[in-house]
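Now for the letters of each chain:
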Amino acid sequence: MAEGLDAAGAVGEVDRFDAGRAVRAVARFGLPGAEGVEGLRVPEARWEEFRRLVVAERVSGLAVAAAEEGALELAEPQWEDLLAAHRDAMAWCLGLERRLLELAEAFEAAGVRFVVLKGPAFAHAVYPDPSWRSFGDLDLLVRTGDWRRALAVLAALGCTRRLPEPRPGFDERFGKAATHRTPEGEEIDLHRTLVLGPFGLWIQPEKLFERTAAFEVGGRSLPRLDGTGLLLSACVHAALGQRRPFLQTVRDVAQVAAVAEVDWEALGRWAREWRLGAVLRHAFAQASEALGSPWPTGAREALGREPTRREARMLEAYTGTRRYRGGPALATLHAIPGLRSKAAYVRGLLLPDRGFVAARS
């Protein structure tokens, strides 16, 4: 019996329905190599709980696709309710894509090279239909040498940075990204590396710019990471972005690994050079546990070396309870080479400029 049918139990047996399990089944819909989803029904008394979870885990596109294929069997009111939620998500995505085209033109005019991370890059590059993968903001990666010019471009477009850097030069030395808001309330995250903390310091973003590809939005070609870079980005985001990632984020890992052209030798080299072995293993394990998807072919060989104790400790700073007790900041301090650089990092955290303090307040 497929998990979907078992999740709902016999028709009318509301107490046997597991909304979390049902949403995980939706999250793996159409995933190559994973168990199929068939006959998933949601009792009317549990519909609101299920719909809220679908929206919260950001898999409304997969739920709509599953319903259109008949794998998720919905009553007409349920279908209309789901479709309304997904239409709202898609309307927001279309607005962000229009904004992305504006940003691309402005960056190109200023001579700032960039690549699109996550959201639209995943949606258009690796999913069967972009509507399967919604997104709520834009993430753009720029070279550290272009950081100041990129900030100026966003400011000229009327975007407001949510928090200034703690002290001059902190961004380029220790920062990950700067979050901006447009006058319309859209969020743009300008990145100079993929993640905050020690792993962000060890990653060499310049090398990611050596492996790029393109995707199309509105008839315009936009830059993204190639399949290997997409998988690295997906794994880093899933393993380190939040202590418990959204199901959409976990699906990204499995989806990219299943359909993208990944250079496993290069990925393994990055894992060794940038000390990401534990991070990649954790991301693949999350996808396997949450979605029942197998580890991708080539992953175990590429990640054959066991992570060092230091890598494991650094990962625990993100995934364990230390995350909420200053774990990432302390891990960053240990990863920064040189006493002067360590002192500059501590000074930025403990003695920030007045503008930073005022913004935090």
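Residues numbered from 1 in each chain as written. Predicted model: local features only at pLDDT ≥ 70, side-chain atom pairs only at ≥ 80, totals over all residues. Heavy atoms only, no water.

Focus: the packing of helix α4 (residues 60-68) against helix α5 (residues 76-109)
Running from N to C, α4 and α5 point in directions that differ by 140°, and their axes come no closer than 9 Å. With respect to α5, the axis of α4 lies oblique. For the pair α4 and α5, the crossing hand works out as left-handed. Counted together, Ser 60, Gly 61, Ala 63, Val 64, Ala 67 and Glu 68 of α4 and Trp 79, Leu 82, Leu 83, His 86 and Ala 89 of α5 form the full contact between these two elements. (Axes fitted to C-alpha atoms, helices over the stretch in contact; angles between N-to-C directions. Helix = DSSP H or I, 4+ residues; strand = E, 2+ residues; numbered from the N terminus. Parallel < 35°, antiparallel > 145°, perpendicular 65-115°, else oblique. Left-handed = near helix turned anticlockwise from the far one by under 90°. Contact = heavy atoms within 4.5 Å.)

Some points on the packing of helix α16 (residues 309-319) against helix α17 (residues 327-335)
Between α16 and α17, the shortest axis-to-axis distance is 8 Å and the interhelical angle comes to 150°. Judged by the angle between their axes, α16 and α17 are roughly antiparallel. Residues Arg 310, Met 314 and Ala 317 of α16 lie in contact with α17, whose contacting residues are Gly 327, Pro 328, Ala 331, His 334 and Ala 335. When the residues that make up the contact of α16 with α17 are grouped by side-chain class, the tally is five nonpolar, two polar and one charged. (Nonpolar A, V, L, I, M, F, W, Y, C, P; charged D, E, K, R; others polar.)

Remarks on the confidence of the model for the protein
Detail in the predicted coordinates should be disregarded across regions flagged by low pLDDT. In the predicted model, the protein carries a mean pLDDT of 92, and the fraction of residues at 70 or more is 96%. Counting contacts from residues 1-11, a segment whose pLDDT is below 50, to residues more than four positions away or on other chains yields 28 contacts. (pLDDT = per-residue confidence, 0-100.)

Remarks on helix α18 (residues 339-350)
Between the first and last C-alpha of α18 there are 16 Å, a value that for 12 residues agrees with the 16 Å anticipated at 1.5 Å per step. What α18 keeps buried is the set Ala 344, Tyr 345 and Gly 348. Relative to the axis of α18, the buried residues are bounded by an arc of 100° and lie together on one face. Away from its buried face, by an angle of more than 90 degrees, α18 presents the exposed residues Leu 339 and Leu 350. (Expected span 1.5 Å × (residues − 1). Buried < 20%, exposed > 50% of the residue type's maximum accessible area, 1.4 Å probe, protein only. Arc of directions from axis to C-beta.)

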